[in-house]
Amino acid sequence: MAEFFAHHALLPGGWSADVRIVCDDKGQITEVTPGATPGAARRLRGHVIPGIANLHSHAFQRAMAGGAERRSPAGRDSFWTWRETMYRFALSVGPEDAEAIAAQLYAECLTRGFTQVAEFHYLHHAPDGLPYADRAEMAQRLFAAAAATGIGITMLPSLYRHGGIFGAPPHEGQRRFLNDLDGFHTILERVQATAARQPHAAWGVAPHSLRAVTPAMLEAMAALDCPIHIHAAEQQKEVEECLAATGLRPVEWLLRNTPLDARWVLIHATHMTPEETRALAATGAVAGLCPSTEASLGDGVFPLPDYLAAEGRLGFGTDSHVGICPAAELRQLETSQRLALELRSVATDEARPHPGRGLLERALAGGAQACGVTTGGIAPGLRCDLVELDDEHPTLAGRSGDALLDAWCFGPADRMVRSVAVGGRVVVESGRHLQEGTIRENFSRTMKRLGA
Ligand SMILES: [Zn+2]
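Just so you know, these numbers come straight off a predicted model, no measurement behind them.

Enquirer: Could you give me a rundown of the overall build of the protein chain, with the residues and numbers involved?
Expert: Looking only at helices and strands, the protein chain has 14 helices and 17 strands in total. Since a compact globule built from 452 residues should have a radius of gyration of about 22 Å, the 21 Å found for the protein chain is in line with a globular shape. Looking at the protein chain residue by residue over its 452 residues, the buried ones come to 60%. When contacts within the protein chain are restricted to residue pairs at least 6 apart in sequence, long-range pairs at least 24 apart make up 72% of them.

Structure (structure tokens):
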């Protein structure tokens, strides 16, 4: 059992003062009492918000974040030239490297307020393309990194079979990613077993994209009762290829041919017509937005006003990890809209005039749904994931409530989180992850070895 006392906490009904939060040994909140006295509870002096789920990560890419910016010899750099760099880099990452990189990433995510991460995991096999003795070796390394740092993890083994829409042969650089359905199910069974043992772990599946699976494979994934994540409509070229092959755009194809519902998460969904946008919103699926990565890769701008008007659900991921902070993702989403539309405060309405609070609440709900976990709020029955913001940070000082959240998102920012608990267990104190030193040493050694 753990007990916290928050001077200010964001509860489902809004901000409350002097809140006592009690959780049981499994990390589930059993009691939330506003207007309480602290007693022996651990005091959280800053504003406390619920832990946020990071719904899209390829952990190994943390090691190449910021390292893929140089112009390629042919010029005209794009997502597709970046992808070639990523494929080359992916061939160098072994199991130990993957664990060290993921531990660094997860510790960084925790210190910024993410308490769950969905790993869209496709780096399955050895560099020669052959499976490891344990076909799920690489996934197990990510579980181990999550356990070591204390972050919750939703493991989404990715089904990846082809190199282009509906059956084109795979690219040589994709050899570590490939499985047929049998090989995929072997990995999935191992993942399910580990998720059942590990605290705050869950599982789902990730058919990689319409480029990587066949309609029959998608049908097999759609039969499972779990989160189903798929990359969709990230790039115009992908839309054109899908149109040429099927006569439909990617999101349109998914709307027509798969039973999209609350289990589904469409990662990016950047390029949608107004009809696709409204129809996707109506399914209850989550749009998995990765604003800093989408900006970095030149993907395009998500049709946010139409999607919000249709009450679409969304959440945030850090994907390639050029950004690793939830506030920065919220800010980038809003800022991209401002640049494209020449407006301000786009993600607001009369009921939600503060973009910081509005986007945070969407991130909390969409993230928990996408990860298949009971996070996203401070209320009985939910996991006790608490993020205490540092109210002495110059950007937050003197502010409170929704104005403080706006400053957290839109003010000059570095580390604005003081402490973090996952399932009632404190893993970040004074802005530092409790194992920061060891994790960082391992990561530095790995980076030197990789020469990244
Ligand atoms: Zn991705």
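Enquirer: Talk me through empty space enclosed by the protein; I want residue IDs and the actual numbers.
Expert: On inspection of all chains with the given rule, the structure shows 5 cavities of 30 Å³ or more. Elements that contribute at least two residues to the lining of the largest cavity include exactly helix H1 (79-90) and helix H9 (291-297). Looking at the lining of the largest cavity, the element that brings in the most residues is H1, giving 5 residues. Split into classes, the residues belonging to the lining of the largest cavity amount to 7 nonpolar, 7 polar and 4 charged.

Enquirer: Pulling in residues and values, what's your account of the pattern of salt bridges?
Expert: For the coordinates displayed, the defined rule picks out 27 salt bridges. Between arginine 449 and aspartate 97 there is a salt bridge; the shortest N-O distance is 2.5 Å. Of this pair, arginine 449 sits in helix H14 (residues 436-450) while aspartate 97 sits in helix H2 (residues 95-112), and the two are 352 residues apart along the sequence. Among the salt bridges present, the one from arginine 418 reaches glutamate 388, with a minimum N-O distance of 2.9 Å. One end of the pair, arginine 418, is in strand E15 (residues 417-422); the other, glutamate 388, is in strand E14 (residues 386-389), with 30 residues separating them in the sequence. Through salt bridges that share partners, Arg45, Glu388, Asp390, Asp391, Glu392 and Arg418 make up one connected network.

Enquirer: Quick rundown of the coordination of the zinc ion? Include the residues and the values.
Expert: Ligation of the zinc ion by protein atoms is provided by His56 (NE2), His58 (NE2) and His231 (NE2), these donors lying 2.1 to 2.2 Å from the ion. In primary-sequence terms, the residues that donate to the zinc ion follow H-x1-H-x172-H. With histidine 56 in strand E5 (residues 52-57) and histidine 231 in strand E10 (residues 228-232), the pair connects residues that are 175 residues apart, well separated along the chain.

Enquirer: Break down helix H6 (residues 236-246) for me, with residues and values.
Expert: All buried positions along H6 are accounted for by Glu238, Val239 and Cys242. Projected down its long axis, H6 carries its buried residues within an arc of 100 degrees, all on one side. Pointing more than 90 degrees away from the buried face of H6 are the exposed residues Glu240 and Ala244. The inward-facing, buried residues of H6 contact H1, E10 and helix H7 (250-257). Following H6 by one or two positions, glycine 247 has its phi on the positive side, about 80 degrees.

Enquirer: Tell me about the sheet that holds strand E1 (residues 2-11), residues and numbers included.
Expert: With mixed pairing, 8 strands are arranged side by side in an open sheet as E3-E2-E1-E4-E14-E15-E16-E17. At either margin of the open sheet sits one strand with a lone partner, and together these are strand E3 (29-33) and strand E17 (432-433). Where strand E2 (residues 14-23) lies against E3, 4 bridges are found, and the strand directions are antiparallel. Bridge pairing in E3 links isoleucine 21 to valine 32. Its contacts with the sheet place helix H13 (residues 401-410) against E1, E2, strand E4 (42-50) and E14, and it is angled at close to 75 degrees to E4.

Enquirer: Summarise the packing of helix H11 (residues 326-341) against H13; cite the residues concerned and give the values.
Expert: Where H11 contacts H13, the two axes come as close as 7 Å, and the packing angle between them is 80 degrees. In terms of orientation, H11 and H13 fall into the roughly perpendicular class. For the pair H11 and H13, the contacting residues are Pro326, Ala327, Leu330, Arg331, Glu334 and Arg338 in the first and Trp408, Cys409 and Phe410 in the second. Here the residues of the contact of H11 with H13 are counted per class, giving 6 nonpolar, no polar and 3 charged.

Enquirer: Tell me about the packing of aromatic side chains, and please be specific about residues and values.
Expert: Under the definition given, this model contains 8 aromatic pairs. Summarising the aromatic geometry, the rings of phenylalanine 60 and tyrosine 122 are spaced 6.1 Å apart at their centres and angled 80 degrees between planes, so their arrangement reads as edge-to-face. Placement of phenylalanine 60 in the loop between E5 and H1 and of tyrosine 122 in the loop between strand E6 (114-121) and helix H3 (137-149) is noted, with a sequence separation of 62 residues between them. The two residues phenylalanine 60 and tyrosine 122 agree in class, both being buried. For the ring pair phenylalanine 79 and tryptophan 82, a centre distance of 6.0 Å and an interplane angle of 35 degrees mean the geometry is tilted. Pair noted here: phenylalanine 79 and tryptophan 82 are both in helix H1, with a separation of 3 residues, about one helical turn. Pair check on accessibility: phenylalanine 79 and tryptophan 82 agree, each one buried.

The rules behind each value
Residues numbered from 1 in each chain as written. Predicted model: local features only at pLDDT ≥ 70, side-chain atom pairs only at ≥ 80, totals over all residues. Heavy atoms only, no water. Helix = DSSP H or I, 4+ residues; strand = E, 2+ residues; numbered from the N terminus. Rg over C-alpha atoms; globule rule 2.2 N^0.38 Å. Buried < 20%, exposed > 50% of the residue type's maximum accessible area, 1.4 Å probe, protein only. Contact = heavy atoms within 4.5 Å. 1 Å grid on protein atoms, 1.4 Å probe; cavity = no way out; pocket = protein on both sides within 12 Å on 5 of 7 lines; lining within 4 Å. Points joined across faces, edges and corners; volume = space filled by probe spheres on them. Nonpolar A, V, L, I, M, F, W, Y, C, P; charged D, E, K, R; others polar. Salt bridge = Lys/Arg side-chain N within 4 Å of Asp/Glu carboxyl O. Donors = N, O, S within 2.8 Å, 3.2 Å for Na, K, Ca; no water. Arc of directions from axis to C-beta. Pairing = 2+ DSSP bridges. Axes fitted to C-alpha atoms, helices over the stretch in contact; angles between N-to-C directions. Parallel < 35°, antiparallel > 145°, perpendicular 65-115°, else oblique. Phe/Tyr/Trp six-rings, centres within 6.5 Å; stacked < 30°, edge-to-face > 60°.

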